[in-house]
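Survey of secondary and tertiary structure
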Amino acid sequence: DKFSQVNEFLKLLGHTGPVRQLVRRQQRDVLQAEGLGTEEEPLFASEAPDSGTQADSSSSSGGSSSSGRGAPEAPPRPLHILDCGCGSSHLSFGTYHYLNHVLDVPATLGGVDVNRQLMDRSNDHAAALGLGGSVRFETAPIGDYSPSVRPDIVLALHACDTATDDALALAVKQ
């Protein structure tokens, strides 16, 4: 059934490298904020002192130095998920909830499908749940879709006909 499929997918998602790194970073930040953590090796190359542009841009924009003193670093931007051929959006909402509320990984969500009624219904559900600012569904063929936010993760579970191929092509183009 759909619930079991979504649940199994979410278990796998939690074990992917980027999501695990974000969870470890979140846990480290909480421990440091509570005075329980120590500075560790960076989880991301962009956190290393000699990594170049990203580290340099954070220090020039008022972020803290790598020594941990001064103003706290701005949190990383939320992970953006794009669900292609999302249909009734069961996987979309499950993924959003799992990342934001179970793993405490800030995430936004976009969904695209050719069925306007389902996209309208999914946007209505998002609004009713108070998620209108971070969840948005759009009506378009996947092959013609150009996301307004570059996705970090592209999903396509049980997409019909050539939709899975279109979703893979879209993900590679991003």
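Scroll up for the structure.
Residues numbered from 1 in each chain as written. Predicted model: local features only at pLDDT ≥ 70, side-chain atom pairs only at ≥ 80, totals over all residues. Heavy atoms only, no water.

**Points about the pattern of salt bridges**
Put simply, the test is: By salt bridge we mean one thing: a side-chain nitrogen of Lys or Arg within 4 Å of a carboxyl oxygen of Asp or Glu. Secondary structure follows DSSP: runs of H or I at least 4 residues long count as helices, runs of E at least 2 residues long count as strands, and numbering of each begins at the N terminus. When accessible area is computed with a 1.4 Å probe and restricted to protein chains, residues below 20% of their type maximum are described as buried, those above 50% as exposed, and intermediate ones as partly exposed.
Overall, the coordinates contain two salt bridges when judged by the stated rule. The residue glutamate 8 makes a salt bridge to lysine 11 at a minimum N-O spacing of 3.0 Å. Linking glutamate 8 with lysine 11, this pair stays in helix H1 (residues 2-13), spanning three residues, or about one helical turn. Take glutamate 8: its relative accessible area is 44%, and that puts it in the partly exposed class. Residue arginine 136 is joined to glutamate 138 by a salt bridge in which the shortest nitrogen-to-oxygen separation is 4.0 Å. Judged by relative accessible area, arginine 136 falls into the exposed class, the value being 54%. A residue is classified by how much of its surface remains accessible, and glutamate 138, at 24% relative accessible area, is partly exposed.

**Structural notes on the packing of H1 against helix H4 (residues 90-102)**
Inclusion rule: Orientation is described by axes fitted as lines to C-alpha atoms, over the contacting stretch for helices, and by angles from 0 to 180 degrees between their N-to-C directions. Angle categories: roughly parallel below 35 degrees, roughly antiparallel above 145, roughly perpendicular from 65 to 115, and oblique for all the rest. We call a crossing left-handed when the near helix sits turned anticlockwise from the far one by less than a right angle, and right-handed when that turn is clockwise. Residue contacts follow a heavy-atom distance rule, with two residues in contact if any of their heavy atoms lie within 4.5 Å. Residues are sorted three ways: Asp, Glu, Lys and Arg are charged, Ala, Val, Leu, Ile, Met, Phe, Trp, Tyr, Cys and Pro are nonpolar, and all the rest, Gly among them, are polar.
Between H1 and H4, whose axes approach to 10 Å, the crossing angle comes to 40 degrees. Classified by the angle between their axes, H1 and H4 sit oblique to one another. For the crossing formed where H1 meets H4, the hand is right-handed. Across the interface between the two elements, Lys2, Val6, Phe9, Leu10 and Leu13 of H1 pack against His90, Leu91, Gly94, Thr95, Tyr98 and Leu99 of H4. Among the residues making up the contact of H1 with H4, the classes are represented as seven nonpolar, three polar and one charged.

That is the geometry; function is a separate question.
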